[in-house]
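The chain contents come next:
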Amino acid sequence: MNASDNQLVGFYRCMRLIRRFEERVVELVNRNEIVGTTHEYVGEEAVATGVCHALGVEDVITSTHRGHGHILAKGGDPRRMVAELMGRKTGYNGGRGGSMHIADLGLGIYGANGIVGAGVPIACGAAMAFKQRDSSRVAVAFFGDGAINQGVVHEAMNLACIWQLPVVFVCENNGYGITASIRDMSRIQKLSDRAAAYGMPAETVDGMDVRAVHAATTALVARARAGGGPSFIECLTYRFVGHFTAERALGLKYRTEQEVAEWRLRDPIATYPLWLRDQKLCDPARVDEEVEAQLEEAIAYARESELPAPQDALQGMYAVTYPGLPARGW
Amino acid sequence: MNASDNQLVGFYRCMRLIRRFEERVVELVNRNEIVGTTHEYVGEEAVATGVCHALGVEDVITSTHRGHGHILAKGGDPRRMVAELMGRKTGYNGGRGGSMHIADLGLGIYGANGIVGAGVPIACGAAMAFKQRDSSRVAVAFFGDGAINQGVVHEAMNLACIWQLPVVFVCENNGYGITASIRDMSRIQKLSDRAAAYGMPAETVDGMDVRAVHAATTALVARARAGGGPSFIECLTYRFVGHFTAERALGLKYRTEQEVAEWRLRDPIATYPLWLRDQKLCDPARVDEEVEAQLEEAIAYARESELPAPQDALQGMYAVTYPGLPARGW
Amino acid sequence: MREMRYLEAMREGLREEMLRDDAVFVLGEDVRNSVRGLTKGLFQEFGAKRVYDTPISEAGFTGLATGAAIAGMRPVVEYQINALVFVAFDQLVDQAQKLRYMMGGQGTIPVTYVVMASGARRGLSGQHSDHPYPLLVHMGMKTVMPATPEDAKGLMKAAIREDDPVVIFAPSALLANKGPVPDGDYLTPLGRARIAREGKDLTIVALGPLVPDALKCAETLAAEGVSAEVIDPRSLLPLDHDTLLRSVRKTGRVVIFDDSNRTCGYAAEISAVVADQAWHALRAPVRRITRSDVPVPFSIALDTCVLPSPERLLEACRASVKETRT
Amino acid sequence: MREMRYLEAMREGLREEMLRDDAVFVLGEDVRNSVRGLTKGLFQEFGAKRVYDTPISEAGFTGLATGAAIAGMRPVVEYQINALVFVAFDQLVDQAQKLRYMMGGQGTIPVTYVVMASGARRGLSGQHSDHPYPLLVHMGMKTVMPATPEDAKGLMKAAIREDDPVVIFAPSALLANKGPVPDGDYLTPLGRARIAREGKDLTIVALGPLVPDALKCAETLAAEGVSAEVIDPRSLLPLDHDTLLRSVRKTGRVVIFDDSNRTCGYAAEISAVVADQAWHALRAPVRRITRSDVPVPFSIALDTCVLPSPERLLEACRASVKETRT
Ligand SMILES: Cc1ncc(C[n+]2csc(CCOP(=O)(O)OP(=O)(O)O)c2C)c(N)n1
Ligand SMILES: Cc1ncc(C[n+]2csc(CCOP(=O)(O)OP(=O)(O)O)c2C)c(N)n1
Ligand SMILES: [Mg+2]
Ligand SMILES: [Mg+2]
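Since the model is a prediction, treat every value here as computed from it, not as a measurement.

Here we look at the overall build of chain A
Helix and strand counts for chain A stand at twelve helices and seven strands. For chain A, whose C-alpha radius of gyration is 20 Å, the value lies close to the compact-globule estimate of 20 Å for 330 residues. Along the longest, intermediate and shortest principal axes, the C-alpha atoms of chain A span 55 × 45 × 40 Å. The buried share among the 330 residues of chain A stands at 67%. Carbon and sulfur atoms make up 50% of the accessible area of chain A, which amounts to about 11100 Å² in all. Each charge class in chain A was averaged separately, 34 positive and 39 negative side chains, and the resulting centres sit 3 Å apart.

Below you can see the structure in the form of structure tokens.
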């Protein structure tokens, strides 16, 4: 199924929003307005965009430590995201989660996750619920090339296959898990070949091509909705920046400048708007302006938001509370 | 490489020893001379025998909860095994381990294991040590069809492949993990196909045919010794009895009588001696007598052995001890 | 009131909740054939969509339960043996338990985990005999361990209805025990300890499988003229501090009798609470009778130095009542 | 004596042991590029057979270390973050720790696990800020947590030479701290606590990252006329009971200051030991200042109700010295 003109423009808006969101976040980290470190999605925008635009609001995703892109693409509100990153009360998690835990259950975002691979079975669990309820909702599990060697990911893929759960496994192969090249971490190079071990269909797509990602996901989501069971998409992509904002300080050298430069030539944020203009679908500059305004507003919103009160820290762990629970430390 | 005549007779002796060992163990469990429950290897004798006879004493195996067969085939002393099962001081583990933990490091037996799949990375670790020491020793990891869905097994296979460790993964596919049929637990039915996900060669052999198992293992062990890296053998086999001695009391019905009967027709203990006699290699009845005598002696040895002293229970956890370690419970 | 076995009562609780709420479903190893007995008949009664046999993938299916719970289901996970808690540990303590907090209180994760046949069983040795509740409690997971058939049913039902992850330990030693079980739909609330026997000279805090032993010791002590109160916390987290402290403040003496490892164990927590909150009332040192910190050995000849024994409990109680403050 | 940073000292210890014994090798995530700094330069110096970058397979490579150790190597496993302990939990506590015992004392398993950047770091939130040593100690694993550069080196070397599994916690908060480090080959033995400051009115038991804070509090207290003794156990298992009890028997008052969760935590264990063994000497309740039992929240605005604070320690110490037995 081809994307509509509207969708094609939407892809760009989404990718641009992710890119600029990440760039602004880095600025805020550098200025210590955001504490800690975040994992930027710069370079990989076409993956989250293509995948999430193949989903409805009722569908569910689980994300990773590198989650901002997924969350924005699934409809996350940049204001509440920035507020969370600034540790505000108005943030998605009331300041309790931060970058690695942003979640919006209302939008089907079951959370970023600080533990590599851990979100994958959780997505399968949502899919299991959908199947039991005879709903046509589907779930998507995002995970990286690094995560594919984690045991729980293997277990989850097998579970999804034997129970034919409506879930799509999206492996974002950006070539590295921090400094570890997937060439050294797997003897087979095409990660989609791993899916055969569980008996599900799989394909490898160009993760720099939002339309390719979208088309592949749309087909597999339709398959899952129709009761066809799980499937696997490997998206070949690249992060243009370090593993996390803290990487610069570490002076790591695990990729050649040439490799980075070559991938940068395929930057979707650079190439896709040219195509859009050629097709006369929109004026990308207009979109850029709108995105900029949206982010300005989000940052302003976050800055103006209150910090949580210290006592809030003991709230929210349990849905049902009891005296003395959670235990105070004093 | 074909097995020598001597080896061919040795296969029978070993299989017969395992079978009769297990049968005697069941008697002892029923008489409460052995406490608890044990997992019998009855029906699967050709696997352990074929595999371990392709190994030298310097090679290493890790075993499973269903370990008696592996241990006997690797040269374990029935006297110290029975003594362990009877909780005696002279037992392999001084009474501290029991059936699920019998180990003889001197024979390269790194232990049975009560946790499904847990021994697999341990075998790979031994292989890693061999590789680092430029030794030609190899390791074998035994595990079941149930274990193949355990995350740590997947991780270990991948680690072995990327580091090209001298290890052979032996999957004993007896069709069931307790009551769960592998047909329901994996969507692909040929488990050796899982190996392709990590990039190692694999084959499926008839696990009721000791010569086939031996030939396949011999070739893959030679490959590993020569630096050719890991490989995978799936042995199709069957357990003729319950999952454990305690099963009878549970009245489970997860296999048809017909299925059991069909597999029993291929019982290596019944078929192989006929072939041996045809080939005029030996008189199986002689072997049977010798095995019987060996087991009589083993049981007598165990019965005569002392029980450990209660205080022994606090010994042996640490190689280096300190005051108050391990903590006493009173 | 009927007389029922602990395991039956637990199963009845599970079945009633499955009847009551179709969001409740069971998953675990061999639950259709019910190797452990907890789920006997449930597959036949409720069918394939309510009772799932899982592969040997504990971390994986624990994660599935989390996702299904967030999506509105109420999964009951059966762990066939206690060690499965270790295998699934990250998915339990770092995911299911933490997600709601980290999400800032969004959603609910009503999963019940039943650790079947926990604790020592004759001949099952080092990897099948643990009682890892202190680990879960340390990480903030709600955890219960009923000691009677009545509580086995009541806590099973309460756990399933609780909107948070709850772990239930079902100790081997208790599964066949018989006791009265009330008729009708009742819950045993979390966070309320049971005074298993009233007394005034000494408090014994006994956990799960040790409660029957503690009661016997209390009888022996009574014959010696010592009136022991026996507290069965049954809800390990939340712990009922009030009942515990009220008892210790009354008796001034306490011995904790626990079948988990000693160091950083559950007895340590009780001791610490008492030594802080009831210190002024104490008239003797706080004593712990626990397991020794080694895996449970196979040979039952070795048990006496490892498992907590009634003899040692009695000794500790007798010593406690003789103490005077110096 | 040289001034060195904690992390450097630890690295020097590791490097010296690698030079000394070619059975020592390192494995973990990103150890060749040394994202955590512990292994900086080691790949360049020792090459591919001594420094292994692993896939994200913590249970798997933990198991490999066990097997390699039984086969005669001395692996050093780096866990990049503390949560990896949860992911590898079964292979740690149910395999590496138990195997020797279950094998009846056969063989040795000399693996060192270094939990890098443990404890809370600003902004790292709920899954990267734990201090799970009570869990390991409960399961009988030898565990150390050096508080000074000197001990960071000395305990690293001692752990590597120990013929048993040993876990080292290297708290984020300490990694950049500077301190004197002796020249030459020295070991800090397991099982010996350090008296970080002598005193006579009150004992503060402070762990790892909290030792510097405790020393500052002791100074404040000194100015108020209270002489506090600060004990740094540094070896969590084996714990040096003698030094601890001698101090408490001398001062009669104790406050425990610990950066792990409260319930069934390390402070509970210390409290239980004291309430049993030093009870007659106690002149005040045993107090614990610990974390609150929630994941560490992201927003630092929330820290004060979660992380153990010097202010609360001071309050507890002041209250303790005012107590009299009623
Ligand atoms: C289980 C686990 N192991 C290790 C880490 C530390 N870590 C965080 S991100 C990361 C790399 C992940 O690589 P990949 O899955 O490819 O995702 P990417 O960062 O490339 O998006 C590692 C090792 C972790 N958070 N969780
Ligand atoms: C991790 C783990 N999960 C579950 C169990 C309980 N259990 C013991 S044996 C077994 C079945 C194992 O099946 P398989 O690997 O096929 O070996 P088999 O018994 O057929 O030889 C199970 C589920 C366990 N011991 N460890
Ligand atoms: Mg990656
Ligand atoms: Mg099997």
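Okay, back to it.
Some points on the overall build of chain C
Counting its regular elements, chain C contains twelve helices and 14 strands. By the compact-globule yardstick of 20 Å for 326 residues, chain C fits well, its C-alpha radius of gyration being 20 Å. With the principal axes as the frame, chain C shows a C-alpha extent of 65 × 45 × 40 Å. In chain C, which comprises 326 residues, the share counted as buried stands at 74%. At a minimum sequence separation of 6, the contacts of chain C that also span at least 24 residues come to 82%. For chain C, the accessible surface area stands at approximately 8300 Å², while carbon and sulfur atoms represent 48% of it. Once the 39 positive and 41 negative side-chain charges of chain C are each reduced to a mean point, those two points are 3 Å apart.

A word on the site of ligand 1
Within the structure, ligand 1 sits among 22 residues, and His-65, Arg-66, Gly-146 and Asn-174 of chain A together with Glu-58 of chain D are positioned closest to it. Two or more chains meet at ligand 1, and those chains are chains A and D. Interatomic distance of 2.7 Å between a side-chain N/O atom of His-65 of chain A and an oxygen atom of ligand 1. One of the side-chain N or O atoms of Arg-66 of chain A is found 2.8 Å from an oxygen atom in ligand 1. Contact with the protein chains covers 97% of the free accessible surface of ligand 1, which is 580 Å². Judged by the proximity of its atoms to the pocket grid, ligand 1 belongs to the largest cavity. When its residues are assigned to classes, the shell around ligand 1 shows eight nonpolar, ten polar and four charged.

A word on the pairing of strand β4 (residues 74–79) of chain C
One face of the sheet, then the other: side chains in a regular strand alternate in exactly this way. Residues and elements named next belong to chain C. In terms of residue burial, β4 counts as a mostly covered element, since six of its six residues are buried. Because side chains alternate across β4, one face comprises the buried residues Arg-74, Val-76 and Glu-78, and the other comprises Pro-75, Val-77 and Tyr-79, equally buried. As paired strands, strand β2 (residues 24–28) and β4 are joined by five bridges and run parallel to one another. Note that in β4 the partner of Val-24 across the bridge is Arg-74. Relative to strand β5 (residues 112–118), β4 runs parallel, the two being bridged by four bridges. What sits directly across from Val-76, in β5, is Thr-112.

A look at the site of ligand 2
Around ligand 2, the structure places 22 residues, and the nearest of them are His-65, Arg-66, Gly-146 and Asn-174 of chain B together with Glu-58 of chain C. The site occupied by ligand 2 is bordered by residues of chains B and C. In the model, an oxygen atom of ligand 2 is placed 2.7 Å from a nitrogen or oxygen of the His-65 of chain B side chain. For ligand 2, whose free accessible area comes to 580 Å², the fraction covered by protein is 97%.

Brief notes about the relation of the copies chain C and chain D
For the pair chain C and chain D, the relating rotation is 180 degrees, the translation along its axis is 0.0 Å, and the fit reaches an RMSD of 0.0 Å. This pairing of chains is accounted for by a two-fold axis.

Let's talk about the coordination of the magnesium ion (ligand 4)
Residues and elements named next belong to chain B. The magnesium ion (ligand 4) binds to the protein through Asp-145 (OD), Asn-174 (OD1) and Tyr-176 (O), with metal-donor distances spanning 2.0 to 2.1 Å. The sequence pattern formed by the donor residues of the magnesium ion (ligand 4) is D-x28-N-x1-Y. Taken together, the residues span a long stretch of sequence, with Asp-145 in the loop between β2 (139–144) and α6 (151–162) and Tyr-176 in strand β4 (residues 176–177) at a distance of 31 residues.

A short note on the packing of aromatic side chains
Inspection of the entire model under this criterion finds 25 aromatic pairs over all chains. Measuring from ring centre to ring centre gives 6.4 Å for Phe-61 of chain D and Tyr-79 of chain D, while their planes differ by 35 degrees; the resulting arrangement is tilted. Pair noted here: Phe-61 of chain D is in helix α3 (residues 58–70) and Tyr-79 of chain D is in strand β4 (residues 74–79), with a separation of 18 residues, a long-range link. Here Phe-61 of chain D and Tyr-79 of chain D have matching classes, each one buried. Clustering of aromatic rings is evident, with ring pairs tying together Tyr-176, Tyr-238, Tyr-254 and Trp-263 of chain A. In this structure, Arg-96 of chain A is placed above the aromatic ring of Tyr-101 of chain C, and the distance from its NZ or CZ to the ring centre is 5.9 Å. Positioned above the aromatic ring of Trp-275 of chain B is the side chain of Arg-211 of chain B, whose terminal nitrogen or guanidinium carbon lies 3.7 Å from the ring centre.

Thoughts on the coordination of the magnesium ion (ligand 3)
Put simply, the ideal angle at a metal is 109.5 degrees for four donors in tetrahedral geometry and 90 or 180 degrees for six donors in octahedral geometry. Within the first shell, the magnesium ion (ligand 3) binds the protein through Asp-145 of chain A (OD), Asn-174 of chain A (OD1) and Tyr-176 of chain A (O), at distances of 2.0 to 2.1 Å. Taken in chain order, the donor set of the magnesium ion (ligand 3) reads D-x28-N-x1-Y.

Some thoughts on the interface of chain D and chain A
Each partner contributes to the interface: chain D provides 41 residues, whereas chain A provides 44 residues. Buried surface at the junction of chain D and chain A, summed over both partners, amounts to about 3200 Å²; 64% is from carbon and sulfur atoms. On the chain D side of the contact with chain A, Ile-56, Phe-298 and Leu-302 of chain D bury the most area, a combined 20% of that side's loss. Summed over the shared surface of chain D and chain A, the result is zero salt bridges. Our count for the contact surface shared by chain D and chain A stands at 17 residue pairs in polar contact (both at pLDDT 80 or more). The biggest single contributor to the side of chain D that touches chain A is strand β14 (residues 287–289) of chain D, with three residues. Of the residues assigned to the side of chain D that touches chain A, the class counts are 17 nonpolar, 14 polar and ten charged.

Some points on the nonpolar core
Among the nonpolar cores identified, the biggest contains 288 residues, and Phe-169 of chain A, Phe-169 of chain B, Tyr-79 of chain C together with Tyr-79 of chain D are the most heavily contacted of them. Not counting residues within four places of it along the chain, the set of residues in contact with Tyr-79 of chain C comprises Phe-61, Thr-62, Leu-84, Val-85, Ala-88, Leu-92, Tyr-113, Val-114, Val-115 and Met-116 of chain C.

Topic: the domain arrangement of chain C
Residues and elements named next belong to chain C. Here the domain parsing of chain C yields domain 1 (2–181) and domain 2 (194–322). One C-alpha centre belongs to domain 1, the other to domain 2; they are set 26 Å apart. Taken together, the contacts link 27 residues of domain 1 with 25 residues of domain 2. Summed over both partners, the interface of domain 1 with domain 2 comes to about 1900 Å²; 65% of that surface belongs to carbon and sulfur atoms. Our count for the contact surface shared by domain 1 and domain 2 stands at two salt bridges. Of the charged contacts, one joins Asp-151 and Arg-234 as a salt bridge, the two residues approaching to 3.0 Å between their closest N and O atoms. Elements with a contribution of two residues or more to the side of domain 1 that touches domain 2: α7 (133–138), β6 (142–144) and α8 (149–161). Grouping the constituent residues of the side of domain 1 that touches domain 2 by class yields 13 nonpolar, ten polar and four charged.

Considerations on helix α5 (residues 119–132) of chain B
Residues and elements named next belong to chain B. With 14 residues, α5 should reach 20 Å at 1.5 Å per residue; the first-to-last C-alpha distance of 20 Å fits that figure. Here α5 lies mainly inside the structure; 13 of its 14 residues are buried. Looking at the residues trailing α5, positive phi occurs at Asp-134, about 50 degrees.

A closer look at the interface of chain C and chain D
Taken together, the contact between chain C and chain D spans 50 residues of the former and 50 residues of the latter. Broken down residue by residue, the surface that chain C buries against chain D is led by His-138, Cys-264 and Trp-279 of chain C, which jointly contribute 17%. Summed over the shared surface of chain C and chain D, the result is six salt bridges. The salt bridge involving Glu-269 of chain D is made with Arg-288 of chain C; its shortest N-O contact spans 2.9 Å. Counting every contact that joins chain C to chain D gives 18 residue pairs in polar contact (both at pLDDT 80 or more). Secondary structure elements with two or more residues in the side of chain C that touches chain D: α4 (84–87), α5 (89–96), α6 (99–102), α7, α11 (266–277) and β14 (287–289) of chain C. Across the side of chain C that touches chain D, the residue classes tally to 26 nonpolar, twelve polar and twelve charged.

Structural notes on empty space enclosed by the protein
Counted according to the given criterion, the structure contains twelve cavities of 30 Å³ or more. Lining of the largest cavity is provided by 50 residues; of these, His-65, Val-116, Ile-178 and His-243 of chain A together with Ile-56 of chain D occupy positions nearest its centre. Going through the elements one at a time, α5 (119–132), β2 (139–144), β4 (176–177) and α7 (182–185) of chain A together with α4 (84–87) of chain D are the ones with two or more residues in the lining of the largest cavity. Here the lining of the largest cavity gets three residues from one element, more than from any other, and that element is β2 of chain A. Each residue belonging to the lining of the largest cavity can be placed in one class, and the counts come to 21 nonpolar, 19 polar and ten charged. The calculated volume of the second largest cavity comes to roughly 310 Å³.

Cut-off values and rules
Residues numbered from 1 in each chain as written. Chains lettered and ligands numbered in written order. Predicted model: local features only at pLDDT ≥ 70, side-chain atom pairs only at ≥ 80, totals over all residues. Heavy atoms only, no water. Helix = DSSP H or I, 4+ residues; strand = E, 2+ residues; numbered from the N terminus. Rg over C-alpha atoms; globule rule 2.2 N^0.38 Å. Buried < 20%, exposed > 50% of the residue type's maximum accessible area, 1.4 Å probe, protein only. Areas by Shrake-Rupley, 256 points an atom, 1.4 Å probe, with all protein chains shown as cover. Lys, Arg positive; Asp, Glu negative; His and termini not counted. Charge placed at Lys NZ, Arg CZ, Asp CG, Glu CD. Contact = heavy atoms within 4.5 Å. Near = heavy atom within 4 Å. Polar contact = N/O pair within 3.5 Å; in protein donor to acceptor, adjacent residues only side chain to side chain. 1 Å grid on protein atoms, 1.4 Å probe; cavity = no way out; pocket = protein on both sides within 12 Å on 5 of 7 lines; lining within 4 Å. Sits in = over half its atoms within 2 Å of the grid points. Nonpolar A, V, L, I, M, F, W, Y, C, P; charged D, E, K, R; others polar. Pairing = 2+ DSSP bridges. Least-squares fit on C-alpha atoms with pLDDT ≥ 70 in both. Donors = N, O, S within 2.8 Å, 3.2 Å for Na, K, Ca; no water. Phe/Tyr/Trp six-rings, centres within 6.5 Å; stacked < 30°, edge-to-face > 60°. Lys NZ or Arg CZ within 6 Å of the ring centre and 35° of its normal. Buried area = accessible area lost by both parts, 1.4 Å probe. Salt bridge = Lys/Arg side-chain N within 4 Å of Asp/Glu carboxyl O. Core = buried A, V, L, I, M, F, W, Y, C linked by side-chain atoms within 4.5 Å. Domains from an automatic or database assignment. Expected span 1.5 Å × (residues − 1). Points joined across faces, edges and corners; volume = space filled by probe spheres on them.

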